[in-house]
Amino acid sequence: ARAPKITSTESVVDEIKHIGQFRTSAYCDEIVIKGKLDSLPSVKARKENGEKVKSGEIVVIQKAAVHAGVDFDQMTKDDIRLSNDTLFIALPAAEILQVEMDINGKDVFLQKGLWSTDQIHELYVPAREKLIQDALDGGVLTKAYANAKEYIEDFFRPFGYICVINQKQPEQ
């Protein structure tokens, strides 16, 4: 049986777009989130307004993951060109698709005082930003792009196509 031949690159783009956001790499870590109640911006503001504020301290170990990949929805019909048995593909850049900090994946090691969910969330914001930066520093986007590129090459290889893949340039 002969492998099917591509007659329209537009139909290939339509099929690839159906994949949508394709996660191809993850950076997982356990992060330490710690803080004192009276150092939170919301509590400092209440304190400055004359409210009596109780002290408190918390230390949480949180399981977290940063998922990166390629958003195939960004592809257009101009991103794939066919020449004989070679597909020239402009693949979108890898991006962070999701950051998970599962509330069930945490261990509270120390909690003094009463902490509201909003106050704990205040501590999570900078921790989330640091997690993302650590993932970027760890090469999560480079790995995600390389994995997406390999996936596309592996997908078309059985059909007899050679893929020449370059990163799609952002639109100006």
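Rules behind the numbers
- Residues numbered from 1 in each chain as written.
- Predicted model: local features only at pLDDT ≥ 70, side-chain atom pairs only at ≥ 80, totals over all residues.
- Heavy atoms only, no water.
- Helix = DSSP H or I, 4+ residues; strand = E, 2+ residues; numbered from the N terminus.
- Buried < 20%, exposed > 50% of the residue type's maximum accessible area, 1.4 Å probe, protein only.
- Lys, Arg positive; Asp, Glu negative; His and termini not counted.
- Salt bridge = Lys/Arg side-chain N within 4 Å of Asp/Glu carboxyl O.
- Polar contact = N/O pair within 3.5 Å; in protein donor to acceptor, adjacent residues only side chain to side chain.
- Contact = heavy atoms within 4.5 Å.
- Pairing = 2+ DSSP bridges.
- Axes fitted to C-alpha atoms, helices over the stretch in contact; angles between N-to-C directions.
- Core = buried A, V, L, I, M, F, W, Y, C linked by side-chain atoms within 4.5 Å.

Before going further, it helps to examine the side chain of Asp71. Inspection of the secondary structure assignment puts Asp71 in strand S2 (residues 57–71). Notably, Asp71 is buried but unbridged: the nearest opposite-charge side chain belongs to Lys17, and the N-O separation is 8.5 Å. Side-chain polar atoms of Asp71 contact the backbone nitrogen of Asp73, separated by 3.1 Å. Here Asp71 is in contact with Gly20, Gln21, Pro92 and Glu95, once residues within four sequence places are set aside.

All right, on to the sheet that holds strand S7 (residues 162–167) then. An order of S3-S4-S7 is seen for the three strands of this open sheet, with the pairing classed as mixed. Every interior strand has two partners, whereas the edge strands, strand S3 (80–83) and S7, have only one. Strand-to-strand twist in this sheet, taken as the mean axis angle between neighbours without regard to direction, amounts to 15 degrees. Bridge count between strand S4 (residues 86–91) and S7: six bridges; the pairing is parallel. Residue pairing for S7: Thr86 is matched across the bridge by Ile162. Its contacts with the sheet put helix H4 (residues 140–156) on S4 and S7, and the angle it makes with S7 is roughly 155 degrees.

If you look at the biggest cluster of nonpolar residues, it comprises 41 residues, and the most contacted ones within it are Ile89, Met101, Ile152 and Phe156. Broken down by secondary-structure element, the contributors of at least two residues to this core are helix H1 (9–17), strand S1 (21–36), S2, S4, helix H3 (117–137), H4 and S7. With seven residues, the top contributor of residues to this core is H3. Each residue touching Ile152, except ones within four places of it in the same chain, is listed here: Ile16, Phe72, Ile89, Leu91, Cys163 and Ile165.

What follows covers the pattern of salt bridges. Opposite charge on two side chains makes pairing possible when the charged atoms of those side chains draw close. Evaluation of the coordinates by the stated rule reveals six salt bridges. The salt bridge partner of Lys77 is Asp78, with a shortest N-O separation of 3.8 Å. Residue classification places Asp78 among the exposed positions, given a relative accessible area of 63%. Close ionic contact of Arg157 with Asp154 constitutes a salt bridge, the shortest N to O distance being 2.6 Å. On the accessibility criterion, Asp154 (37% relative accessible area) is partly exposed.

These values are about where atoms sit, not about what they do.
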